[in-house]
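# Structural overview for review
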Amino acid sequence: MQEAWDKYDQLIARLQDLKSVVLAFSGGVDSTFLLQAALTALGRENVLAVTADSETYPEREREAAIELARELGAKHVVLQTSELNIPGYAENPVNRCYFCKNELFSHLIPIAHQDGLNCVVFGAIADDFGDYRPGLQAAKDRGVIAPLQDVMLYKREIRYLSKELGLSTWDKPSLACLSSRIPYGELITQSKLSMVDQAEFFLSQLGFRQVRVRHHNDTARIEVPRQDIVNVASVAELVTTKLVQIGYRYVTLDLEGYRTGSLNEALEANPSVQSS
């Protein structure tokens, strides 16, 4: 994939132009790849990785991010935040991600100023142009840069390059905040986030690596890749028992399988919802 390597060279050049950065670091595939590239382009002293730890971010992912930053030799700070305290966020409007990213950037920009670093960057990728992503507007409004988008790197290319560069995250399942499991307009609460987190962790312990548990009031809608659907069905009784213990009344298995942003399908079916 020579084109991917050409884009990687462009990414290094783009980061070198920025000179120094604060990097929003979740520990996922994209932000880990971006952190590796930033360290290569700028050196450790010119990069600060910051992880926002909140109720929408599983504790196990925070610990994984800390370990990844250590492995890469990056300077790293864990910042305590709370999306549920952002006015309007818990009501779960269709532009919820705008509130979240705007709040995150409102913390990272002062850190950049305080530490004498030129700008804030985050790991949005070229694939994000094809989905409803209000967080991209928050970045634009705040002057936050998405270097992976700037050079049009796609997820498949990032995974390939990550593997070639020896990053352990190259095949890590895609991450998204726990709030993304709750349909727009349904109130987000700590209890609901906890239920989703517990359910997904249980399924991961059964060996299902890419999984989403979409929270529809008293119903859990499980999404796994299509090749895993039969495997979930084979342990249906075990899964149902556990998820009922967690607090769900009904447990369903989505036969379409896992897909990113599946709750955005409601927006595509009714575009007028986006403006409400």
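For the structure itself, look to the data block above.
Note that the structure is a prediction, hence the values are computed from the model and not measured.

## Considerations on the nonpolar core
Within the largest apolar cluster, 35 residues are counted, with the highest numbers of intra-cluster contacts made by Leu11 and Phe33. Among the secondary structure elements, those contributing two or more residues to this core are α1 (2-18), β1 (21-24), α2 (29-42), β2 (47-53), α3 (59-72), β4 (119-121) and α7 (155-164). The leading source of residues in this core is α2, at nine residues. Leaving out residues up to four positions away in the same chain, Phe33 has contacts with Tyr8, Leu11, Leu148, Leu153, Ile158, Leu161, Ser162, Leu165 and Leu167. Leu178, Leu193, Val211 and Ile246 belong to the second-largest nonpolar core, a separate cluster that totals 24 residues.

## Quick word on the sheet that holds strand β6 (residues 219-223)
Strands sit in the order β5-β6-β7 across an open sheet of three strands; the sheet is mixed. If you trace the sheet from one side to the other, it starts and ends with β5 (212-216) and β7 (250-253), each paired once. Neighbour-to-neighbour, the strand axes of this sheet turn through a mean angle of 25 degrees, independent of strand direction. Where β6 meets β7, four bridges bridge the pair, whose relative direction is parallel. Bridge pairing in β7 links Thr219 to Tyr250.

## Overview of the sheet that holds β1
The pairing of strands in a sheet happens through backbone hydrogen bonds and is either parallel or antiparallel. Spatial strand order, β3-β2-β1-β4: four strands in an open sheet with parallel pairing. Every other strand in the sheet has two partners, leaving β3 (75-80) and β4 as the edge strands with one partner each. For this sheet, the mean angle separating the axes of adjacent strands, direction not counted, is 30 degrees. For β1 and β4, the ladder comprises three bridges, and the chain directions are parallel. The residue of β4 that forms the bridge with Val21 is Cys119.

## Description of the side chain of Ser162
By secondary structure assignment, the location of Ser162 is in helix α7. A distance of 2.7 Å separates a polar side-chain atom of Ser162 from the backbone oxygen of Ile158. If near-sequence neighbours (up to four positions away) are discounted, Ser162 is found in contact with Phe33, Leu167 and Trp170.

## Overview of the packing of α1 against α2
For the pair α1 and α2, interaxial distance at closest approach is 9 Å and the crossing angle is 65 degrees. The interaxial crossing formed by α1 with α2 has right-handed handedness. Within the contact between the two elements, α1 uses Tyr8, Leu11, Ile12, Leu15 and Gln16 and α2 uses Phe33, Leu34, Gln36, Ala37, Ala38, Thr40, Ala41 and Leu42. Its residues assigned to classes, the contact of α1 with α2 comprises 10 nonpolar, three polar and no charged.

## Overview of unusual backbone geometry
Although it is not a glycine, Lys19 sits at a positive phi angle of roughly 75 degrees. With respect to the helices, strands and loops of the structure, Lys19 is situated in the loop between α1 and β1. Owing to a relative accessible area of 54%, Lys19 belongs among the exposed residues under this scheme. Residues other than glycine seldom take positive phi values, yet Asn217 does so here, at roughly 55 degrees. Relative to the assigned elements, Asn217 resides in the loop between β5 and β6.

## Describing the pairing of β6
Along β6, five of the five residues are buried, which leaves the element largely enclosed by surrounding structure. The side-chain alternation of β6 yields two buried faces, one formed by Thr219, Arg221 and Glu223 and the other by Ala220 and Ile222. Of the strand pairs in this sheet, β5 and β6 are connected by five bridges, and their pairing is antiparallel. Bridging from a neighbouring strand, Val213 pairs with Ile222 of β6. Counted between consecutive antiparallel strands, the loop separating β5 from β6 contains two residues, among which Asn217 sits at a positive phi close to 55 degrees.

Rules and cut-offs
Throughout this document, residue positions are counted from 1 along each chain, in the order its sequence is written. Local features are withheld for residues below a pLDDT of 70 in this predicted model, meaning they are given only at 70 or higher, and side-chain atom pairs are given and counted only at 80 or more; totals for whole chains, interfaces and linings count all residues. For side-chain calculations, the full set of non-hydrogen atoms in the structure is used, while hydrogens and water are omitted. To form a nonpolar core, buried Ala, Val, Leu, Ile, Met, Phe, Trp, Tyr and Cys residues must be joined to one another through side-chain atoms within 4.5 Å. Residue burial is assigned from relative accessible area. The probe radius is 1.4 Å, only protein chains are included, and a residue is buried under 20% of its type maximum, exposed over 50%, and partly exposed in between. Going along the chain from the N terminus, every DSSP run of H or I of four or more residues is numbered as a helix, and every run of E of two or more is numbered as a strand. Contacts were defined at the residue level, with two residues in contact if any of their heavy atoms lie within 4.5 Å. Pairing between strands is defined by DSSP: at least two bridges between the two strands are required. Between the N-to-C directions of two axes lies an angle of 0 to 180 degrees, each axis being a line fitted to C-alpha atoms and, for a helix, fitted only over the stretch in contact. Any pair of N or O atoms that falls within 3.5 Å is considered a polar contact. Within protein, one atom must be able to donate a hydrogen and the other to accept it, and sequence-neighbouring residues count only if both atoms are side-chain atoms. Handedness of a helix crossing follows the sense of rotation of the near helix relative to the far helix, less than a right angle counterclockwise being left-handed and clockwise being right-handed. Charged residues are taken to be Asp, Glu, Lys and Arg, nonpolar residues to be Ala, Val, Leu, Ile, Met, Phe, Trp, Tyr, Cys and Pro, and polar residues to be all remaining types, Gly included.

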